[in-house]
Amino acid sequence: MFSAAYCFQTNNDLSVSEVNGELKESKAKQKADDKALQEKLCDKPCPEFTLTDTKGKLWTDQNIKGKVTMINIWHVYCEPCIKEIPQLNELTKKYAGVNFLSMTFNNSDQIEKIVAKNHPLFHQIPDAINFISKTGISFTPTSILIDKSGVIRCVVRGGDEKQFKLLNKRLKELSKEN
């Protein structure tokens, strides 16, 4: 199953304990959350959105159709999110025909320093709280893979090597589909 790397939203129904300074979910709760997220999102149309990236390009759920799209959800206080940027850059180079979008609830000013330091190759979309809320994603990093017709095909929580390999495999499969 997928591993959550960081929890940015805590509420009463999350089972989180602090171990060695890192937030970790209980295994049972994590599996249940992963299953619920998969059931909620997979094989369903991408939620409607209209957002502008940091370079002024408008992105919508409609204009991503026709290309495979990966949406990576992150935030500025998520160390695993920042550590995965080089791996995401690798995927961006490998799959030139894929839309790579990175969405955060943070604003442009908040992400500016991280973007300048880490040079992500994917489109940065700040202020995406409405989209993130519609998906129900509360853990970062989380990546959503959307097929050419706009249907969510895979949700991957976490940013370690195992998740990177899964993203690579699924992007390869989706890129081959008509």
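Above this text sits the structure in question.
The rules behind these values
- Every chain is numbered independently, its residues counted from 1 as its sequence is written.
- pLDDT decides what is reported in this predicted model: residues at 70 or higher carry local features, side-chain atom pairs at 80 or more are listed and counted, and totals for whole chains, interfaces and linings draw on all residues regardless.
- Derived side-chain values reflect all non-hydrogen atoms in the structure, with water molecules and hydrogen atoms excluded from consideration.
- Only DSSP runs of H or I covering at least 4 residues are called helices, and only runs of E covering at least 2 are called strands; the numbering of each starts at the N terminus.
- Exposure classes here rest on a 1.4 Å probe applied to the protein chains alone. A residue is buried below 20% of its type maximum, exposed above 50%, and partly exposed in between.
- Counting of polar contacts relies on pairs of N or O atoms within 3.5 Å, with two restrictions inside protein: one atom must be capable of donating a hydrogen and the other of accepting it, and residues adjacent in sequence are counted only when both atoms are side-chain atoms.
- Any pair of residues with heavy atoms lying within 4.5 Å of one another is described as a contacting pair.
- The pairing criterion for strands is at least two bridges between them, as found by DSSP.
- Only the stretch in contact is used when a helix axis is fitted, and all axes are lines through C-alpha atoms; the angle between N-to-C directions ranges over 0 to 180 degrees.

## Thoughts on the side chain of Thr-60
Mapped onto the fold, Thr-60 is located in strand S5 (residues 58–60). Here Thr-60 falls in the buried class, since its relative accessible area comes to 15%. There is a polar contact of 2.8 Å between the side chain of Thr-60 and the backbone nitrogen of Asn-63. Apart from residues lying up to four places away in sequence, Thr-60 is in contact with Phe-49 and Thr-50.

## Examining the sheet that holds strand S6 (residues 69–74)
Overall, mixed pairing links the 5 strands, which are arranged S8-S7-S6-S10-S11 in an open sheet. Looking at strand neighbours, the two that pair on one side only are strand S8 (123–125) and strand S11 (152–157), the edges of this open sheet. Averaged over all adjacent pairs, the angle separating strand axes in this sheet is 20°, with direction ignored. In terms of strand pairing, strand S7 (residues 99–104) meets S8 through 3 bridges, oriented parallel. Note that in S8 the partner of Met-103 across the bridge is Ile-125.

## Looking at helix H3 (residues 85–94)
What H3 keeps buried is the set Ile-85, Gln-87, Leu-88, Asn-89, Leu-91 and Thr-92. In this structure, the buried residues of H3 make contact with S6, helix H2 (79–83), S7, helix H4 (108–118) and helix H6 (161–176).

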